[in-house]
Amino acid sequence: MTTTTSKHELPTASGPVTTTEKRKPEGRFLTGFSHVFLAVWGLMVGVPLIWATVQSFRSDDEILHQPLSLPTSWHIGAFGRAWTKGHIGEYFFNTIVVMTFSVTLSMLFGAMVAYVLARYRFPGNRAIYYLFFTGLVMPIFLGLIPLYKTVQNLAAMLGLSSVIGLNTYGGLILVYIAYSLPFTVFFLHSFFRTLSTDVAEAGLIDGASHTTLFFRVMLPMAKPGLVSIGLFNIIGQWNQFILPNLLMKPQSGFEEGKFVLTQGLLNLVNNSKYETDWARLFAGMTLAMLPILVTYLVFNRQIQAGLTGSITK
Amino acid sequence: MSHTSLNRRTVLRRAAAAGLLATPAAGFLAACASSDSTGDGNGGTAAKTKDNPFGVDAKKNLDAVVFDGGFGQEYAKGYASLYEQKYSGSKVGITWSKEILTDMQPRFTGNTAPDVINNSSPKTLDLATIVDQLTDLTELYDAPSVDDPNVKIRDTLLAGTIESGLFNDKPYTLNAAYTVYGFFHDQTLFDTKGWKVPTTWEEFLALAENAKKEGIAAFTHQGKYPWYMYNVITDWIWKVGGKEAIFAIDNLEPNAWTSDAVKTVIDHIHEMLGKGYVQAGAAALDHTTTQQAVIDRKALFIPCGTWLEGEMAKTLRSDTKLEVSAQWSLTASDKSPYGTVRAAAGEGWIVPKTGKNPAGGLEFLRIMLSKAGARKFAELTKSLPVVKGAADGLTGSSQFVSANKVLAAAGTNVVSVRFDGWYKDLYTALEGAITNLMSGKGGSAEFTTAMQKAADKIAADPNVKKQPKRTA
Amino acid sequence: MNHGRARFIVGFLFFPVLLYVVYVIWPYLQTIGYSLTDWNGFTPEVPYAGFGNYADLLKDETFLRSLYHNAVILVVYPIVTILLALFFAFMLNVGGRGDKAGVRGVAGSGLYKTIFFFPQLLSIAIVAILWSRIFESSTDTGFLNALLAKVGIVDPQRPLLFLGETNSWLLPGIPFGDTILDAPVVLWCLIAIAVWGGVGFYLVLFSAGMQSIPRDIFEAALLDGSTRGQTFFRITLPLLWEQISVAWVYLGIAALDFFLLAYAIAPPSMQATGASHVMSSWIYHTAFGSSRYDKFGYACAMAVAMAAFTFIFALIQLRITRREKIEF
């Protein structure tokens, strides 16, 4: 009852004035208070990143001896060294090729499975759901040795070693999809459950097939959920290094490695153990960070909107 | 219950079957590569001659895996071109690896092992796990050398080289580079201050006190990587208690770690820490930072090996003169004299049996051990190859010269330790005990108790296969 | 219709499930298989060993200590992360001044959200480099130590070791056989890094949830005279329950894994003392760095046990937090 009263009071001239006056001290204090906390956390998150980026413009001598001060002169040579030694351009290309397919297909397959499991009752539904759930809880590195053999042998068995075998785009794409599925399914499952059933029923009565219904009606409705899980998958696959480190390596001295970006970065990190070139390492880091940062900033609004929709609606 | 385990067994059998699937495919490929393969056990097809003692097929490619670390890539590319020159028509493909273990384990289980592997890097293959799949290198050592067909390879190598690669009393690893370990310092700093490298504990204490007055720590160590201090401690144990003290440890003897020698060593290190002679915070610093402290003249000595100069090349001062010296004596009654050092052939190479061209793998190593190959290695890496006389007359660096001097002075007083490779859990326990010691968590009592417990546990553990007792 | 339905279900499930079974389930099944063997991880032959590896688990003190570390993380990491994220989300959405438009977030909340999300975008290699510099045990080059030394809290001769400190903090160590069940400083440092990285994501999640709570509910409560603290506990928290429970499950799974942090950021010296080990990093160490001849089989048994713990935890969490959704 009080709720409705106050709601009605708001538009009147006197209402807001009095209420604002009443809560002013608390509000001002809280605002100041929240700004301090937010700013402190913002610094804790932002400063290390800025610091790391700045290091790429400095000489090794400065990095070692005055790590906390600004560079006296700005060098960009480290970026060139990182580009050549870290093969950033080439590995960036490989990463994009793999992720174009793996992210898209992860989402498609994940949505298909999640939709069927969430909206259709059939024997074995729960079993399949828990099968995917299991994938969420197993430590990834434990399946590594068997996974290597599986990729190798399956491709050989099918005569497709150069397509989906070791050190191929196809092989890594399939593995990425498979390992992204549990989380994608888990996330989208709860999402599809909450979507209204009315539309679906109406569609079916209109004579639409289940497939049409999915692609024409349910998938567009699930867009917010797809956006957020898409972001997860992009970040997850972009930063993945255990899987490519196992599968994307030349299998003999006569093969070219199709490394992805994280492997290039890892190489730079490992190199820094034998020949110190800190600036190069930080520059590589910055270069590797940049594309995903730009993606994030560009799509920031959609991502936030997607997240808003995904869980609650 | 039995039903489940039967199922699991089926799983295993299937796994084994899946593993076998790879073999025909690999065999098929190999057959394609050289259709005239006769399979004489070596994979070689040509006749064995003095010039080609393993019967290498000149048309067969060679698949090599080399550690991409402090030595760079040029030296290995040099071996490859020597091989390709000799066997025109063949190609040597090199895969570079930062972690041999991580990269090679799948290839061993997947039956696609390469023909020759440089088993170095921070993570190496544990011989115990793959020894059945390796070629016994006796054949290599008995083969004629490239430079003189009348001299066997084994006679061209520095003493102790072959022995350093024994496993189960058979040579499976060829260690190709000689590394000298010890305390490194910047001689330029010592010259300007008029200081001398100490040979006894008392001299060290006096020097440390002087250095402290100038704000210099007398000692530092790569705290994040206790391996460096492991060298220091085991070397001192050998020096104070004689080689028997280390043999007892290697052989997991009861009370090996509670011996007087171990106590003495740990007490001295503890004293050094207590007196503030060790760089502040070193216990949690990494190798780059602490090694740089010596170059920056903030610390006098750091334990390391003769790769140090190469590793720090980019940040050396123009007047830095890195030199290595033996660890100073701790007591007047040390069993081994001053000058005792650890010097070991390292940078191991192995030849898997299961590669497509194991004869080529052996030949690659034979070429590597030629005068030309070894010389190139010394010039490019500033490290000492195991081939006698190959580095004579090279005076590249202060480190190189001092290492040679230390080695000559040591004579037969050369430390070697085995348990780190034999019983990895004991080694890990030691790393833990060292970390605790160096970060001020107790002294010799805690150290020796912890280590003895760990050693006893391994001695009693049926899951750990024991090595034959060490007597030399 | 029914026929079409069945074909549709099979058609949609077939390829994704096949892919998943081949590349994920099948390797894991082999892992379970290997856990019953004495395999060393390299040889072609795989000797069958029964359940002996599982019996050994109970005798493995480091494994039990690691399990204890996981338990500490499981309690601390989700709670701290969720509380911080909730707090920031509340500040960003309701912490601003109320005016004609009603309650709203502080100025620049969009910018804050973006910045807070940054750490999510970093690969572990970068995080490792950043934080080892921050925690470095030197008052010259270590970020935190330099700061603390300037304030006079830290003596340059005795810098704090942070990632190199084995002493238990907050919780006293409980002696257990040859080891100690403890919460070493290095572990707290790792948790701090995890929180640092995770808060941004959950902040965005909670913030989204808060935005979908109708404004008038806040308005009404404030006009009723509730303080912001009260609105937080009476309105925000209950209405965000679903997001919080999802966060709890994810964070719990992450707490039981923790592999990348314990493996890539904890220095080798700490891994040797066992102070930084959690189950996953100990499994990894055992599989590749142990002297047991059956190390790979044994490590597989540990991993199966770990997966079982995680599975049980996740099920319990899902049951506890399941509750009626509040419709509005």
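Nothing here was measured: the structure is a model prediction, and the numbers come from that model.

1. Thoughts on the interface of chain B and chain C
Reasoning step 1: The interface is formed by 47 residues belonging to chain B together with 52 residues belonging to chain C.
Reasoning step 2: Summed over both sides, the interface between chain B and chain C buries roughly 3900 Å², with carbon and sulfur atoms accounting for 61% of that surface.
Reasoning step 3: Taken together, chain B and chain C are joined by 3 salt bridges.
Reasoning step 4: A salt bridge links E165 of chain C to K441 of chain B; the shortest N-O distance between them is 2.8 Å.
Reasoning step 5: Across the contact surface, chain B and chain C share 7 residue pairs in polar contact (both at pLDDT 80 or more).
Reasoning step 6: Taken together, the elements giving at least two residues each to the side of chain B that touches chain C come down to helix 1 (2-33), helix 3 (100-109), helix 4 (127-130), helix 18 (424-438) and helix 19 (444-460) of chain B.
Reasoning step 7: The residue makeup of the side of chain B that touches chain C, split by class, is 19 nonpolar, 14 polar and 14 charged.

2. Remarks on the packing of helix 9 (residues 227-241) of chain B against helix 10 (residues 243-250) of chain B
Residues and elements named next belong to chain B.
Reasoning step 1: Between helix 9 and helix 10, the least distance of the axes is 6 Å, while the angle of their chain directions is 125°. Looking at the two axes, helix 9 sits oblique to helix 10. Across the interface between the two elements, T234, I237, W238 and G241 from helix 9 touch K243, E244, A245, I246, F247 and I249 from helix 10.
Reasoning step 2: Residue classes in the contact of helix 9 with helix 10 are distributed as 6 nonpolar, 2 polar and 2 charged.

3. Side note on the interface of chain A and chain C
Reasoning step 1: At the interface, 105 residues of chain A touch 98 residues of chain C.
Reasoning step 2: Of the roughly 9500 Å² buried at the junction of chain A and chain C (both faces included), carbon and sulfur atoms supply 78%.
Reasoning step 3: Linking chain A to chain C there are 0 salt bridges.
Reasoning step 4: For the side of chain A that touches chain C, the element with the highest residue contribution is helix 2 (residues 14-55) of chain A, accounting for 24 residues.
Reasoning step 5: Partitioned by chemical class, the residues of the side of chain A that touches chain C number 75 nonpolar, 24 polar and 6 charged.

4. Regarding the domain arrangement of chain B
All names here are of chain B.
Reasoning step 1: Taken domain by domain, chain B holds domain 1 (36-178 + 345-399) and domain 2 (181-342 + 413-460).
Reasoning step 2: One C-alpha centre belongs to domain 1, the other to domain 2; they are set 32 Å apart.
Reasoning step 3: Tallying the contact residues gives 6 residues for domain 1 and 11 residues for domain 2.
Reasoning step 4: Taken together, both faces of the contact between domain 1 and domain 2 bury some 740 Å²; the carbon and sulfur share is 41%.
Reasoning step 5: When the area that domain 1 buries against domain 2 is broken down by residue, the three leading residues are D126, S398 and Q399, summing to 68%.
Reasoning step 6: Our enumeration of links across domain 1 and domain 2 arrives at 0 salt bridges.
Reasoning step 7: Counting the contacts that link domain 1 with domain 2 gives 4 residue pairs in polar contact (both at pLDDT 80 or more).
Reasoning step 8: Each residue belonging to the side of domain 1 that touches domain 2 can be placed in one class, and the counts come to 1 nonpolar, 3 polar and 2 charged.

5. Focus: the side chain of S370 of chain B
Residues and elements named next belong to chain B.
Reasoning step 1: Along the chain, S370 turns up in the loop between helix 14 (358-368) and helix 15 (371-381).
Reasoning step 2: By relative accessible area, which is 4% here, S370 ends up buried.
Reasoning step 3: In this structure, S370 is in contact with V146 and D147, ignoring residues within four places of it in sequence.

Calculation rules
- Residues numbered from 1 in each chain as written.
- Chains lettered and ligands numbered in written order.
- Predicted model: local features only at pLDDT ≥ 70, side-chain atom pairs only at ≥ 80, totals over all residues.
- Heavy atoms only, no water.
- Contact = heavy atoms within 4.5 Å.
- Buried area = accessible area lost by both parts, 1.4 Å probe.
- Salt bridge = Lys/Arg side-chain N within 4 Å of Asp/Glu carboxyl O.
- Polar contact = N/O pair within 3.5 Å; in protein donor to acceptor, adjacent residues only side chain to side chain.
- Helix = DSSP H or I, 4+ residues; strand = E, 2+ residues; numbered from the N terminus.
- Nonpolar A, V, L, I, M, F, W, Y, C, P; charged D, E, K, R; others polar.
- Axes fitted to C-alpha atoms, helices over the stretch in contact; angles between N-to-C directions.
- Parallel < 35°, antiparallel > 145°, perpendicular 65-115°, else oblique.
- Domains from an automatic or database assignment.
- Buried < 20%, exposed > 50% of the residue type's maximum accessible area, 1.4 Å probe, protein only.

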